[in-house]
Amino acid sequence: MLMPNRTRYRKVHRGRMKGKAVRGSTIYFGEYALKSLECGEINSRQIEAARIAISRKVKRGGKLWIRIFPDRPFTKKPAETRMGKGKGNPEGIVARIKPGRILFELAGIDDVVAREALSLAAHKLPVKTKIISIHDTN
């Protein structure tokens, strides 16, 4: 699973998700891509599940790029704990996603297989996505 070697802070503020993706919103490496349509947080397990789904579909053909990386720790309080007594302990790490962000890119395989593979990956993710291509005219 993807994970940073170290983080600057053990716990981070939740903040607020707003606006569209400025960086990482165009296809750079592949021919087909999975693009986010809404804000959200994708954890490392979901990224890994999507990667496995794509690689199983394309078998050994093609190349896959993962364009997101989980770098924000999130915390959780234990079950049946009363309110207060500070912030919970770090539970995992997430990648924050804004609309327009490219999540995965694929190259070197035909159109039908690429779209099926990215569709399978989209089912593993908690955000709405859209399959785009450099061959599309729009």
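Look up a bit, the structure's there.
Here the structure is a predicted model, which means the values were calculated and not measured.

Caption draft 1: Highlighting the side chain of Ser-133. Here Ser-133 is to be found in strand β7 (residues 129–133). A polar side-chain atom of Ser-133 sits 2.9 Å from the main-chain amide nitrogen of His-135. Look past the residues within four positions of Ser-133 in its chain and what remains in contact with it is Ile-27, Glu-31, Tyr-32 and Arg-115.

Caption draft 2: Representation of the nonpolar core within the structure. With 21 residues, the main nonpolar core has Ile-42, Leu-103, Phe-104 and Leu-106 as its most contacted residues. At the level of elements, β1 (32–36), α1 (44–58), β5 (89–97), β6 (102–107) and α2 (111–123) are the ones that each hand at least two residues to this core. In terms of residues, this core owes the most to one element, α2, which gives five residues. The residues contacting Ile-42, other than those within four sequence positions of it, are Ile-47, Ile-68, Val-94, Ala-95, Ile-97, Leu-103, Leu-125, Pro-126 and Val-127.

Rules of the game
Residues numbered from 1 in each chain as written. Predicted model: local features only at pLDDT ≥ 70, side-chain atom pairs only at ≥ 80, totals over all residues. Heavy atoms only, no water. Helix = DSSP H or I, 4+ residues; strand = E, 2+ residues; numbered from the N terminus. Polar contact = N/O pair within 3.5 Å; in protein donor to acceptor, adjacent residues only side chain to side chain. Contact = heavy atoms within 4.5 Å. Core = buried A, V, L, I, M, F, W, Y, C linked by side-chain atoms within 4.5 Å. Buried < 20%, exposed > 50% of the residue type's maximum accessible area, 1.4 Å probe, protein only.

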